[in-house]
Amino acid sequence: MSVNSEKIWFDGEMVRWEEAKVHVLTHALHYGTAYFEGIRCYSLEDGRSAVFRLEEHIRRFFDSGLILGFPPPYELAAIQQATIDVIKINKLKACYIRPLAFMGFGDMGLYAPDNPIHVIIAVWPWGAYLGDEGIKNGIRAKVSSYTRHHVNVMMTKSKVSGNYVNSVLAKNEVKKAGYDEAIMLDTEGYVAEASGENIFVVRNGRVKTTPFTSILPGITRDSLLTLARDKGYHVQEERFTRDELYTADEAFFTGTAAEVTPIREVDNRRIGSGKPGPVTKDLQETFFAIVKGKEKNYTHWLTYL
Ligand code: PPE
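The structure displayed is predicted, hence computed values, not measured ones.

1. Brief notes about the site of the ligand
Taken together, 22 residues lie near the ligand, and Tyr96, Tyr129, Tyr164, Thr220 and Thr256 sit nearest. Here an oxygen atom of the ligand sits 2.5 Å away from a polar atom, N or O, in the side chain of Tyr164. Between Gly196 and the ligand, the recorded distance is 3.2 Å, taken from a backbone N or O atom to a nitrogen atom. Considering the ligand on its own, with 550 Å² of exposed area, one finds that the protein chains cover 93% of that surface. Put simply, the ligand lies in the largest pocket. Those elements giving two or more residues to the shell around the ligand turn out to be strand 6 (95-103), strand 10 (191-194), helix 6 (219-230) and strand 14 (250-255). Across the shell around the ligand, the residue classes break down as seven nonpolar, nine polar and six charged.

2. Considering the packing of aromatic side chains
A complete count under the given rule lists 15 aromatic pairs for this structure. Following the ring pairs from residue to residue traces out a cluster consisting of Phe52, Phe287, Phe288, Tyr298 and Trp301. Across the ring face of Tyr304, the terminal group of Arg48 is positioned such that the distance to the ring centre comes to 4.2 Å. Sitting over the face of the ring of Tyr246, Arg269 holds its NZ or CZ atom 4.2 Å from the ring centroid.

3. A closer look at the side chain of Thr280
Note that Thr280 resides in helix 8 (residues 278-291). A residue is classified by how much of its surface remains accessible, and Thr280, at 1% relative accessible area, is buried. Discounting chain neighbours no more than four positions away, the residues touching Thr280 are Glu250, Ala251, Phe252 and Pro262.

4. A look at the packing of helix 2 (residues 54-68) against helix 3 (residues 76-89)
Axis separation between helix 2 and helix 3 bottoms out at 10 Å; the angle between their running directions is 125 degrees. One way to sum up the angle between helix 2 and helix 3 is to call them oblique. Like other packed secondary-structure pairs, helix 2 and helix 3 cross with a definite hand, here right-handed. Of the residues in helix 3, those touching helix 2 at Leu54, Glu55, Ile58, Arg59, Phe61 and Phe62 are Leu76, Ile79, Gln80, Thr83 and Ile84. Residues that form the contact of helix 2 with helix 3 fall into these classes: seven nonpolar, two polar and two charged.

5. Concerning the pairing of strand 7 (residues 117-124)
With eight of its eight residues buried, strand 7 lies for the most part within the structure. Residue alternation in strand 7 divides its side chains into two sets, Ile117, Val119, Ile121 and Val123 and His118, Ile120, Ala122 and Trp124, and both sets are buried. The pairing of strand 6 with strand 7 spans eight bridges and is classified as antiparallel. By the bridge assignment, Leu100 is partnered in strand 7 with Ile120.

6. Structural notes on unusual backbone geometry
Notably, Asp11 is not glycine yet its phi reads approximately 50 degrees, a positive angle. Take Asp11: it is sitting in the loop between strand 1 (7-10) and strand 2 (13-16).

7. Quick look at helix 2
Between its terminal C-alpha atoms helix 2 stretches 21 Å, which fits the 21 Å expected from 15 residues at 1.5 Å a residue. Directly after helix 2, the chain includes Gly69, whose backbone phi takes a positive value near 90 degrees.

8. Considering the pairing of strand 4 (residues 39-43)
With four of five residues buried, strand 4 lies mostly within the body of the structure. Both strand 4 and strand 5 (residues 49-52) contribute to a ladder of three bridges, which runs antiparallel. Within strand 5, the residue paired with Ser43 across the bridge is Ser49. Where strand 4 folds back on strand 5, the antiparallel hairpin that results is connected by five residues, among which Gly47 adopts a positive phi of roughly 95 degrees.

9. A look at the environment of Ala248
Mapping Ala248 onto the fold places it in the loop between helix 7 (242-246) and strand 14. With 45 residues separating them in the primary sequence, Ala248 and Arg203 have C-alpha atoms 5.3 Å apart. Excluding residues within four positions of it along the chain, Ala248 makes contact with Val201, Val202, Ile271 and Gly272.

10. Thoughts on the pattern of salt bridges
Enumeration according to the criterion identifies 20 salt bridges in this entry. For Glu18, the salt bridge goes to Arg16, with nearest N and O atoms at 2.9 Å. Residue classification places Glu18 among the partly exposed positions, given a relative accessible area of 43%. According to the relative accessible area criterion, Arg16 is partly exposed, its value standing at 43%. One salt bridge connects Arg239 with Glu188, and the closest N-O pair in it is separated by 3.1 Å. In this pair, Arg239 sits in the loop between strand 13 (235-237) and helix 7 while Glu188 sits in the loop between strand 9 (181-185) and strand 10, placing the two residues 51 residues apart along the sequence. Among the residues examined, Arg239 registers a relative accessible area of 33% and is labelled partly exposed. Each member of the salt-bridge network shares a partner with another, and the members are Arg16, Glu18 and Glu19.

What counts and what doesn't
- Residues numbered from 1 in each chain as written.
- Predicted model: local features only at pLDDT ≥ 70, side-chain atom pairs only at ≥ 80, totals over all residues.
- Heavy atoms only, no water.
- Near = heavy atom within 4 Å.
- Polar contact = N/O pair within 3.5 Å; in protein donor to acceptor, adjacent residues only side chain to side chain.
- Areas by Shrake-Rupley, 256 points an atom, 1.4 Å probe, with all protein chains shown as cover.
- 1 Å grid on protein atoms, 1.4 Å probe; cavity = no way out; pocket = protein on both sides within 12 Å on 5 of 7 lines; lining within 4 Å.
- Sits in = over half its atoms within 2 Å of the grid points.
- Helix = DSSP H or I, 4+ residues; strand = E, 2+ residues; numbered from the N terminus.
- Nonpolar A, V, L, I, M, F, W, Y, C, P; charged D, E, K, R; others polar.
- Phe/Tyr/Trp six-rings, centres within 6.5 Å; stacked < 30°, edge-to-face > 60°.
- Lys NZ or Arg CZ within 6 Å of the ring centre and 35° of its normal.
- Buried < 20%, exposed > 50% of the residue type's maximum accessible area, 1.4 Å probe, protein only.
- Contact = heavy atoms within 4.5 Å.
- Axes fitted to C-alpha atoms, helices over the stretch in contact; angles between N-to-C directions.
- Parallel < 35°, antiparallel > 145°, perpendicular 65-115°, else oblique.
- Left-handed = near helix turned anticlockwise from the far one by under 90°.
- Pairing = 2+ DSSP bridges.
- Expected span 1.5 Å × (residues − 1).
- Salt bridge = Lys/Arg side-chain N within 4 Å of Asp/Glu carboxyl O.

Structure (structure tokens):
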């Protein structure tokens, strides 16, 4: 299934979807020299739409560029506004938003400091990333044989496209083995994150997620941590092992695409009762209420269109 909408914001212009093209010698195609964001816009009950945590996503987009040494050649506010404009022009009530900055065509070879940096922002309707059934009843995960990046091999806090080859290898490996999502361990063997999500476990009502060290600092992760603390749960950001994951009462993934997806099984071991647990359900329910504008205490996370 391919994604689609009408227009893509491309270096300041609204370009028709079919015409948003690049040269095959684009630097990023050869060397992975690009970075991106994933953002969601939700349709609210009152007929309006709102982008979830837009500022934080655009900030991370610029952080990615700073880490790599080629920031977007625009002001932060301009990219924020362009994101809103491209949703509006496509007349989408709810969508996934994909800003991407990439090193363009010019010189070849690794050192190409004069190549142009292009920015695009695409939007398209995107349903539940790990399926509606997964959101409701949980998914089956497998620990991948591929290790997550060492912090001095890749810049894990940058959403650099090249990083994602590691995720694609892991995802393909477990999908072909019949599972829904890949969990990756860090170079020391502790649980890090999934191919495109952060991971949480719950035991005896205590909520735990991996610390920042080698993971993408997920914005959904941050939202869930805030929410869990506000609800009075005991919350820890601490490393945990694969066996701690097996023996958790509950486990779930967080991500913009995956939202809050319960994990019902890891490596053929049932997690808890094998159904989304009470803490997961409580946090998931509140998360969906927040993004739909139904939780008055969290409307500051929404940018209304
Ligand atoms: N870890 C990784 C490796 C990751 O790619 C994501 C997002 C997260 C954690 C969660 O971050 P956040 O979205 O800020 O909560 N993955 C994006 C890409 C999905 C894709 O297949 O493309 C996403 O969810 O948008």
